[in-house]
Amino acid sequence: MDAKSDLAAKLEHGELPSSAAVEEIPRNWANRRLVMNLIIIGLGLSTWGYDNNFVSPLLSLPLFIARYQGPDAAFTARNLDLIVTVPLVGAFLGALGSSPLMVRFGRKNTLVLAYIFCCLPGSFLQLFAPNLAALVIGRFWNYVGISVLTTNTPLYLSELVPVHVRARAVGFCVAGTAATGVIATAIVWGTEKINNSLQYRIPLAIQAGLPGLLAILTLLCTESPTWLALQGRTDEARNNLAALRPKNEALVQAEFAHLLVAVNEDKTRRAEAKFWDILNKKNIKRTMTAGALLPLYQVSGIILSSTYSTVILVQSRVSDPFRMTIVLNCLAFIGVIVGPTMQDIVGRRPVALVGFTIMMLLDFAAGGLACAGLTTEHEKLALAGMVIVFTFFANACFNPLCWLIPTEISAPSLREPTMAWALIWSYTTAVITTFAVPQITSADAGNLGAKAFLIFGGCMVVIMIFIYFYLPETKGRALDEIDEMYTAGVPMRKWSHYQCQNSSSARATGYEKE
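Here, residues in each chain are numbered from 1, in the same order as that chain's written sequence. Where totals are concerned, whole chains, interfaces and linings use all residues; where local detail is concerned, this predicted model gives features only for residues with pLDDT of at least 70, and gives and counts side-chain atom pairs only at 80 or more. Hydrogens and water are ignored here; the side-chain numbers use all heavy atoms of the structure.

## Re the overall build of the chain
Along the backbone of the chain there are 21 helices and zero strands. The buried share among the 514 residues of the chain stands at 59%. If you take every contact in the chain between residues at least 6 apart in sequence, the share linking residues at least 24 apart comes to 78%. Every accessible area reported is derived by Shrake-Rupley at a probe size of 1.4 Å, with residue values counting cover from the shown protein chains alone. Accessible surface computed for the chain: about 19,400 Å², of which carbon and sulfur atoms make up 65%. Counting from the N terminus, the helices are the DSSP runs of H or I reaching at least four residues and the strands are the DSSP runs of E reaching at least two. Burial here depends on accessible area, computed with a 1.4 Å probe over protein chains only, as a share of the maximum for the residue type. Under 20% is buried, over 50% is exposed, and the range in between is partly exposed. Only heavy atoms matter for contacts: two residues are in contact if any of them lie within 4.5 Å across the pair.

Right, here's the structure in full:
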């Protein structure tokens, strides 16, 4: 009996297949409709990717500095904080509001609302800002919408694909940020040679056009079957799942069976769920893990190789920093293609443990090299090389994981609040780091420059310890299986070998609670 027939027989007898059994079905799950959804929704983070990557070279453009500060060589630490840090407060507010929006309006409509009412007007205010205050307000407004998008997009993508490709699906949104980052940096680098206001207005104008285009494209997308099922609209949920898996009825049946188990077991809790239930005794462990990864990523050293990369390279007297920033963004894009693929094949924990170790060593090496003085061209090239390698591993091993894990380990009744919680702490940490980094690196403040990598190396030591004890192996697991393992108290390092009782697999024995 082939895998598909065996699976159908199990479903007919009321048995729930394991996720491993689901993976044995012929993998003709990919089709034009699903790929279209993945691309359009994955581009939901492109607004953040564009802003996050073009702001660093933009802040180094002479005419932009002259327009919003005066005839100085660089922005002061105070003005850097206003332009980069204050908008993150808007992002914090957007993350707070995203959970009720997703619960009430669904994944698709929440994206459209964020584009139209936040990103579009905020971007246009930036484009035509007459002074620094208007520029900051526009960036604040834009970031409210960007935060709603970043909270919604990974969750939406994870709910559209089979479990065995979930990391790659969420990786689409991260790849979208990296791709737009390459484009954004190249645009600013190209306009640098223009000797009038178009030097900075062209990048800002392109940013203003993105939300309108993406809002229109999002109207073509399919609503999440998971959200529909959680709303009690099971017929619509199954129809949408079938539309996303044409000619693969066995896979539709298997996925829908797992989805109904997760939804039915959590139905009462969802009806009574409140945001702060994510912090009760039953959910606190998974909430803390989901909420920790994005903030920890902020203190891994990535802020020095992304948001402030051009500034740091200029301060370190590395030749052609704009071109180097483009290389960094290209490596980031390659990283977020390779990383999620490895996470789906090898697993979340092995990729994280190896990648994080390399990042920690690079932090210490780059900081130590900067302490040596960077007096020769070889030392400057070595620093640039370390930043390039660090960027690749950060985007291959850490960045995709930050967005993936909160979509996998949250309780079914608390998916939206858990994702919002992760983004709230991400932006809180981002506010702190983007405020602190100029103060410790800028020439008019702490003047550490690239030596700051040593600080983030110390942070990576703590991150490594946390990951070992608290990162679960969720590769190939359905939502109901993840829920079961958290309830059973299975140690994180043993998740990969645990056989769930919810499936037709044999029951596992001998696992002690932590």
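## A short note on a nonpolar patch on the surface
Side chains of Phe 333, Ile 334, Ile 337, Val 338, Met 342, Ile 345 and Val 346 sit close together on the surface and give an oily, nonpolar patch of about 570 Å² of accessible area. Positionally, Met 342 belongs in helix α16 (residues 321–345). A patch consists of residues exposed above 30% relative accessible area that lack any salt bridge, with like charges linked at up to 9 Å and nonpolar side chains (Val, Leu, Ile, Met, Phe, Trp, Tyr) linked at up to 5 Å. We define a salt bridge as a side-chain nitrogen of Lys or Arg found within 4 Å of a carboxyl oxygen belonging to Asp or Glu.

## Considerations on the confidence of the model for the chain
The predictor's confidence in any single residue is recorded as pLDDT, a number from 0 to 100. Scored by pLDDT, the chain has a mean of 83; 85% of the residues are at 70 or more. For the stretch residues 504–514, pLDDT sits under 50, and the model shows 28 contacts to residues farther than four places along the chain or on other chains.

## Focus: the packing of helix α13 (residues 284–298) against helix α20 (residues 453–470)
Contact geometry for α13 and α20: axes closest at 11 Å, N-to-C directions at 155 degrees. Our classification of the angle between α13 and α20 gives roughly antiparallel. For the pair α13 and α20, the sense of crossing is left-handed. On the side of α13, the interface is formed by Lys 285, Met 288, Thr 289, Ala 292, Leu 293, Leu 296 and Gln 298, while α20 contributes Phe 456, Ile 463, Phe 466, Ile 467 and Tyr 470. Here the contact of α13 with α20 is composed, by residue class, of nine nonpolar, two polar and one charged. Axis lines are fitted through C-alpha atoms, for helices just across the contact stretch, and the angle between N-to-C directions can take any value from 0 to 180 degrees. Small angles under 35 degrees read as roughly parallel and large ones over 145 as roughly antiparallel, with 65 to 115 read as roughly perpendicular and the rest as oblique. By the definition used in this description, the sense in which the near helix is turned from the far one sets the handedness, with an anticlockwise turn below a right angle giving left-handed and a clockwise turn giving right-handed. Note on residue categories: nonpolar means Ala, Val, Leu, Ile, Met, Phe, Trp, Tyr, Cys or Pro, charged means Asp, Glu, Lys or Arg, and polar means any other residue, Gly included.

## Quick word on the state of the cysteines
Cysteine sulfur atoms are paired as a disulfide whenever they fall within 2.5 Å. Throughout the structure, instances matching the rule amount to zero disulfides. Its sulfur unpaired, Cys 118 is 6.4 Å from the next cysteine sulfur, which belongs to Cys 119. When its relative accessible area of 15% is taken as the criterion, Cys 118 is described as buried.

## Some points on the nonpolar core
Within the largest apolar cluster, 104 residues are counted, with the highest numbers of intra-cluster contacts made by Phe 356, Phe 398, Trp 403 and Ile 463. Ranked by the residues each element gives to this core, the list is headed by helix α18 (residues 377–409), at 14 residues. With residues up to four places along the chain from it excluded, the contact list for Ile 463 reads Leu 296, Val 299, Ser 300, Phe 356 and Phe 398. Counting residues in each nonpolar core, the second largest holds 25 residues, with Tyr 50, Leu 59, Ile 65 and Phe 75 among its members. Definition of nonpolar core: a set of buried residues of the types Ala, Val, Leu, Ile, Met, Phe, Trp, Tyr and Cys, connected through side-chain atoms within 4.5 Å.

## Some points on the packing of helix α17 (residues 348–371) against α20
In a pair of packed helices, the angle between the axes and the distance between the axes together describe the arrangement. For the pair α17 and α20, interaxial distance at closest approach is 8 Å and the crossing angle is 160 degrees. Judged on the interaxial angle alone, α20 and α17 are roughly antiparallel. The two elements α17 and α20 meet at a crossing, and its hand is left-handed. For the contact of α17 with α20, the class distribution of residues is 17 nonpolar, five polar and two charged.

## Details of the packing of aromatic side chains
Ring geometry is summarised as follows: Phe, Tyr and Trp rings, the Trp one being its six-membered ring, pair when their centres sit within 6.5 Å, and such pairs are stacked at plane angles under 30 degrees, edge-to-face over 60 and tilted between the two. Applying the stated rule across the entire model yields 16 aromatic pairs. Judged by centre distance (5.3 Å) and plane angle (20 degrees), the rings of Phe 466 and Tyr 470 are stacked. Of this pair, Phe 466 and Tyr 470 both sit in helix α20, separated by four residues, roughly a single helical turn. Residue class for Tyr 470 comes out partly exposed when judged on its relative accessible area of 38%. When the centroid spacing of 5.0 Å and the interplanar angle of 90 degrees are considered together, the rings of Tyr 468 and Phe 469 count as edge-to-face. By relative accessible area, Tyr 468 is classed as partly exposed at 38%. In this structure Phe 469 comes out as partly exposed when scored by relative accessible area, which is 43%. Two conditions define a charge sitting above a ring: the NZ of Lys or the CZ of Arg must be within 6 Å of the ring centre, and it must be within 35 degrees of the ring normal. Above the face of the Tyr 68 ring, Arg 67 is positioned so that its terminal group lies 5.3 Å from the ring centre. For Arg 238, the ring lying beneath its charged end belongs to Phe 256, and the centroid distance is 6.0 Å.

## A word on the environment of Trp 403
Inspection of the secondary structure assignment puts Trp 403 in helix α18. Trp 403 sits 233 residues away from Val 170 along the chain, and the two C-alpha atoms are 7.0 Å apart. Not counting residues within four places of it along the chain, the set of residues in contact with Trp 403 comprises Thr 150, Pro 154, Val 170, Val 174, Leu 294, Met 419 and Leu 423. Polar contacts here mean pairs of N or O atoms no more than 3.5 Å apart (in protein, one a potential hydrogen donor and the other a potential acceptor; neighbouring residues in sequence count only if both atoms are side-chain atoms). Among the polar contacts made by the side chain of Trp 403, one reaches the side chain of Asn 399 at a distance of 3.0 Å.

## Things to note about unusual backbone geometry
The phi dihedral of Lys 247 is positive, around 65 degrees, even though this residue is not glycine. Structurally, Lys 247 is set in the loop between α11 (234–244) and α12 (249–272).

## Quick notes on the environment of Val 336
Turning to its location among the elements, Val 336 is positioned in helix α16. Separated by 159 residues in the primary sequence, Val 336 and Thr 177 have C-alpha atoms spaced 9.5 Å apart. In this structure, Val 336 is in contact with Gly 171, Val 174, Ala 175, Ala 178, Asn 395, Asn 399 and Pro 400, ignoring residues within four places of it in sequence.

## A word on the pattern of salt bridges
Any two side chains of opposite charge can pair, so long as their charged atoms come close to each other. Counted under the stated rule, the structure contains 12 salt bridges. Residue Arg 168 pairs with Asp 344 through a salt bridge whose shortest N-O separation is 2.8 Å. Remark: Asp 344 occurs in helix α16 and Arg 168 occurs in helix α8 (residues 166–191); sequence separation between them is 176 residues. Arg 168 sits in the partly exposed class, given a relative accessible area of 30%. Arg 286 is the partner of Asp 483 in a salt bridge, and the nearest nitrogen-oxygen pair spans 2.9 Å. Linking Asp 483 in helix α21 (residues 479–488) with Arg 286 in helix α13, this pair joins segments that are 197 residues apart in sequence. Each member of the pair, Asp 483 together with Arg 286, is buried. Residues participating in the shared-partner salt-bridge network are Arg 166, Arg 168, Asp 344, Arg 348 and Glu 408.

## Side note on helix α9 (residues 198–218)
What a helix should span is 1.5 Å times the count of its residues minus one. Along its 21 residues, α9 runs 30 Å from first to last C-alpha, staying within 8% of the 30 Å computed at 1.5 Å per residue. Residues of α9 that are buried include every one of Gln 199, Tyr 200, Pro 203, Leu 204, Gln 207, Ala 208, Leu 210, Pro 211, Leu 214, Ala 215 and Thr 218, and no others. Here the buried face of α9 lies against α3 (32–42), α4 (46–58), α5 (62–68), α6 (77–127), α7 (132–158) and α8.

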